[in-house]
Amino acid sequence: MCIRDRFHDTWNYVYYIYHLWKKSRRELNGQEIYIYSKLEMNDLSWLPLRRSMELETAVIDSNEEGESINTIMDSLQQFKRMIGDLKFRLGSRAETLNRIIKGSS
């Protein structure tokens, strides 16, 4: 098991974004509204990119773990690109959902 899998499963963030887009705007809770509004503004500051409590407090032994900080950072950058690609591919669907949501309000 590599460090990034133990700390953050990147696909969980993708599934969460999809969940927010599929869920009725009226059913969103406070945290979901906050994240949804960030996504509408193309703001990814809510994602733990290049930071996490585990990375801040842990001393990583690269020989024991088989990973280095640079590898972890590369993985986080890859995740950021993947989210950007997902947002691009789903952009038209998100626009359609936004029109539907605004129309039903």
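Since the structure is predicted, the reported quantities are computational estimates derived from the model, not experimental observations. (Residues numbered from 1 in each chain as written. Predicted model: local features only at pLDDT ≥ 70, side-chain atom pairs only at ≥ 80, totals over all residues. Heavy atoms only, no water.)

A.B. asks: It is not clear to me how the overall build of the protein chain should be interpreted in this structure. Could you clarify?
C.D. replies: Along the backbone of the protein chain there are seven helices and zero strands. Buried residues in the protein chain amount to 32% of all 105 residues. For the protein chain, restricting intrachain contacts to residue pairs at least 6 apart in sequence, the fraction spanning at least 24 positions comes to 62%. Counting every atom, the protein chain has about 7,400 Å² of accessible surface; 50% of that belongs to carbon and sulfur. (Helix = DSSP H or I, 4+ residues; strand = E, 2+ residues; numbered from the N terminus. Buried < 20%, exposed > 50% of the residue type's maximum accessible area, 1.4 Å probe, protein only. Contact = heavy atoms within 4.5 Å. Areas by Shrake-Rupley, 256 points an atom, 1.4 Å probe, with all protein chains shown as cover.)

A.B. asks: In this structure, what is going on with the side chain of Lys38? I would like to understand it.
C.D. replies: Following the sequence through the fold, Lys38 ends up in helix α3 (residues 30–40). Once residues within four sequence positions are removed from consideration, Lys38 is found in contact with Asp43, Ser45 and Trp46.

A.B. asks: Help me understand the side chain of Glu32, please; the structure alone is not making it clear to me.
C.D. replies: Inspection of the secondary structure puts Glu32 in helix α3. At 2.8 Å, the side chain of Glu32 and the side chain of Lys23 are in polar contact. Not counting residues up to four positions away in its chain, the partners in contact with Glu32 are Tyr16, His19, Leu20, Lys23 and Glu27. (Polar contact = N/O pair within 3.5 Å; in protein donor to acceptor, adjacent residues only side chain to side chain.)

A.B. asks: Teacher, can you tell me more about the packing of helix α2 (residues 10–22) against α3 here?
C.D. replies: The description of two packed helices rests on the angle between their axes and on the distance between the axes. The interhelical angle for the contact between α2 and α3, taken along N-to-C directions, is 95°, at an axis separation of 10 Å. As far as their axial angle goes, α3 and α2 are roughly perpendicular. Together, Tyr16, Ile17, His19, Leu20 and Trp21 of α2 and Gln31, Glu32, Ile35, Tyr36 and Leu39 of α3 make up the contact between the two elements. Partitioning the contact of α2 with α3 into residue classes produces seven nonpolar, two polar and one charged. (Axes fitted to C-alpha atoms, helices over the stretch in contact; angles between N-to-C directions. Parallel < 35°, antiparallel > 145°, perpendicular 65-115°, else oblique. Nonpolar A, V, L, I, M, F, W, Y, C, P; charged D, E, K, R; others polar.)

A.B. asks: Would you mind showing me how to read unusual backbone geometry here?
C.D. replies: Negative phi is the rule for most residues except glycine; trans is the rule for most peptide bonds. The backbone of Asn42 sits at a positive phi, close to 55°, despite the residue not being glycine. Looking at the secondary structure, you find Asn42 in the loop between α3 and α4 (53–57).

A.B. asks: Sorry, what's going on with the nonpolar core here?
C.D. replies: Nonpolar side chains in soluble globular proteins tend to be buried together. Formed by 17 residues in total, the largest nonpolar core has its most connected members in Leu39, Trp46, Leu47 and Ile83. Elements with a contribution of two residues or more to this core: α2, α3 and α6 (69–89). Of all the elements, α2 adds the most residues to this core, at five residues. Each residue touching Leu47, except ones within four places of it in the same chain, is listed here: Tyr13, Phe79 and Ile83. (Core = buried A, V, L, I, M, F, W, Y, C linked by side-chain atoms within 4.5 Å.)

A.B. asks: Got a minute to help me understand the pattern of salt bridges in this structure?
C.D. replies: Close approach of charged atoms allows side chains of opposite charge to pair. Under the counting rule described, the total for this entry stands at three salt bridges. Among the salt bridges present, the one from Glu32 reaches Lys23, with a minimum N-O distance of 2.8 Å. Glu32 sits in the buried class, given a relative accessible area of 7%. (Salt bridge = Lys/Arg side-chain N within 4 Å of Asp/Glu carboxyl O.)

A.B. asks: What's the story with the confidence of the model for the protein chain in this structure? I'm lost.
C.D. replies: Confidence along the protein chain averages 75 in pLDDT terms, with 70% of residues attaining 70 or more. Considering only residues more than four positions removed or in separate chains, one finds that residues 1–5, a stretch of pLDDT under 50, has eight contacts. (pLDDT = per-residue confidence, 0-100.)

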